[in-house]
Amino acid sequence: MRLDFTLAQEIIRRSEAMKAKIDAIIQREQAEYLDQLHPASADICAEMEAYAAEHRVPIADREVALFLEITARAITARRGLEIGMAIGYSVLHLLRGMPEDGLVVTIEPSDVMIARATDYFARAGVGGRVRIERGRALEVIPQLKETFDLIYLDAVKEEYSDYLEQALPLLRIGGVVIADNLLWGGQVAGDVRAPEQTASTQALRVFNQRFVRHPQLRAEVLSIGDGLGYGVKIV
Ligand SMILES: C[S@@+](CC[C@H](N)C(=O)[O-])C[C@H]1O[C@@H](n2cnc3c(N)ncnc32)[C@H](O)[C@@H]1O
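Conventions and cut-offs
What you see as residue numbers is a count from 1 along each chain, following the sequence as written. Given that the model is predicted, a residue must reach a pLDDT of at least 70 before its local features are reported, and side-chain atom pairs must reach 80 or more before they are shown or counted; all residues, however, enter totals for whole chains, interfaces and linings. By definition, any uninterrupted DSSP run of H or I lasting at least four residues is a helix, any uninterrupted run of E lasting at least two residues is a strand, and each is numbered from the N terminus. The globule rule used here is 2.2 Å times the number of residues to the 0.38 power, and the radius of gyration it is set against is calculated over C-alpha atoms. Think of it as a crowd count around each C-beta: if 20 or more other C-beta atoms lie within 10 Å the residue is buried, if 12 or fewer it is exposed, and in between it is partly exposed, with C-beta placed from the backbone throughout. By definition, residue pairs are in contact when their C-beta atoms, positioned from the backbone, come within 7 Å. When DSSP locates at least two bridges between a pair of strands, those strands are taken to pair. The axes are straight lines fitted to the C-alpha atoms, using for helices just the contacting stretch, and the angles between their N-to-C directions are given from 0 to 180°. Segmentation into domains, and thus their bounds, comes from an automatic or database assignment. A molecule or strand has a residue near it when that residue's C-beta atom, placed from backbone coordinates, lies within 6 Å of it. Note on residue classes: Ala, Val, Leu, Ile, Met, Phe, Trp, Tyr, Cys and Pro are nonpolar, Asp, Glu, Lys and Arg are charged, and everything else, Gly too, is polar. Here roughly perpendicular refers to angles of 65 to 115 degrees, roughly parallel to angles under 35, roughly antiparallel to angles over 145, and oblique to all remaining angles. A crossing counts as left-handed when the near helix is turned anticlockwise from the far one by less than a right angle, and as right-handed when that turn is clockwise.

Considerations on the overall build of the chain
Check the secondary structure of the chain and you find 9 helices and 7 strands. Relative to the 2.2 N^0.38 estimate, which gives 18 Å for 235 residues, the radius of gyration of the chain is 19 Å and therefore close to what a compact globule would have. With respect to the principal axes defined by its C-alpha atoms, the chain has extents near 70 × 40 × 35 Å. Residues counted as buried form 35% of the 235 residues belonging to the chain. Within the chain, counting contacts between residues at least 6 apart in sequence, those at least 24 apart form 69% of the total.

A few points about the sheet that holds strand S5 (residues 171-179)
With mixed pairing, 7 strands are arranged side by side in an open sheet as S3-S2-S1-S4-S5-S7-S6. Among the strands making up the open sheet, the edge pair consists of strand S3 (130-134) and strand S6 (217-222). Going from strand to strand, the sheet's axes swing by 15 degrees on average, the running direction of each strand aside. Its contacts with the sheet place helix H5 (residues 89-96) against strand S1 (79-83), strand S2 (103-108), S3 and strand S4 (148-153), and it is angled at close to 165 degrees to S2.

Regarding the domain arrangement of the chain
By domain assignment, the chain separates into domain 1 (1-37) and domain 2 (41-233). Averaged C-alpha coordinates put domain 1 and domain 2 at centres separated by 30 Å.

Quick look at the site of the ligand
If you check the shell around the ligand, you find 19 residues, and the closest are Ala60, Gly84, Tyr89, Ser90 and Ala137. Among the secondary structure elements, those contributing two or more residues to the shell around the ligand are H5 and S2. Looking at the shell around the ligand residue by residue, the class counts come to 13 nonpolar, 3 polar and 3 charged.

Some remarks on the packing of helix H4 (residues 62-74) against H5
With their axes 7 Å apart at the nearest point, H4 and H5 run at an angle of 30 degrees to one another. Between H4 and H5, the crossing angle belongs to the class labelled roughly parallel. Considering the relative orientation of H4 and H5, their crossing is right-handed. Contacts between H4 and H5 involve Ala65, Leu66, Leu68, Glu69 and Ala72 from the former and Tyr89, Ser90, His93, Leu94 and Arg96 from the latter. Here the residues of the contact of H4 with H5 sort into 6 nonpolar, 2 polar and 2 charged.

So, H5
When you tally the buried positions in H5, you get 7 out of 8 residues, the bulk of the element. Among the residues of H5, those classed as buried are Tyr89, Ser90, Val91, Leu92, His93, Leu94 and Leu95.

Comments concerning the environment of Val105
Relative to the helices and strands, Val105 resides in strand S2. What makes Val105 buried here is the crowd of 22 C-beta atoms within 10 Å. Sequence-wise, Val105 and Gly135 are 30 residues apart; in three dimensions their C-alpha atoms are separated by 12 Å. The contact partners of Val105, leaving out residues within four places of it in the chain, are Leu81, Arg131, Glu133 and Leu144.

Pasting the structure below:
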């Protein structure tokens, strides 16, 4: 009898907590408020955002990019590994959070993206602080020898679990792994709306389970952007 009462209380507590969460996070008004809270990007980042919008290149949301910079700064990252560079928007933010001797190694197979990013890096004066590895991540990561402070996953969603297993040995203890798009436009928690994203959605569901239970990580999924995985390597 007592157990039933406790259980009922727990169910009520959880449903109230869930309701508070929905009210707190998902309201349009709050999303719009947060969106306009930060000043608009200036300089080359604003140009990159405009290019990405015009050419439909998927780049990190502004708050995600800022979060990368803040995290790099918080952990005094000197070496970052990015999987999926596109035009280099997130690389620039990572570098902004790193000291002058900081370096980002980033993996990208598209020559068009590499050419565009190389130009932006040169103009931003950070060409010497980025090493672009041309190729597919699952072929490139096993060739890497250095240790990283921060790893950012942002390429093929079906491959996230493999990226994590390949890259985690390269992350120092206390280092951070960040993974973008873990809620995949709401599809991971709900119904798949885009049939061509069925496989990626299923892969992200598997990834999320592994990520938050990974024995080498303390990890969770933050409701930033499209769902941002954030894990610290503990062993
Ligand atoms: C979402 S975009 C990256 C955006 C970038 N991180 C940013 O926030 O500015 C994903 C990129 O991954 C690249 N990509 C596709 N397949 C890949 C693979 N197998 N390995 C690494 N990158 C890949 C795509 O060409 C694309 O530029």
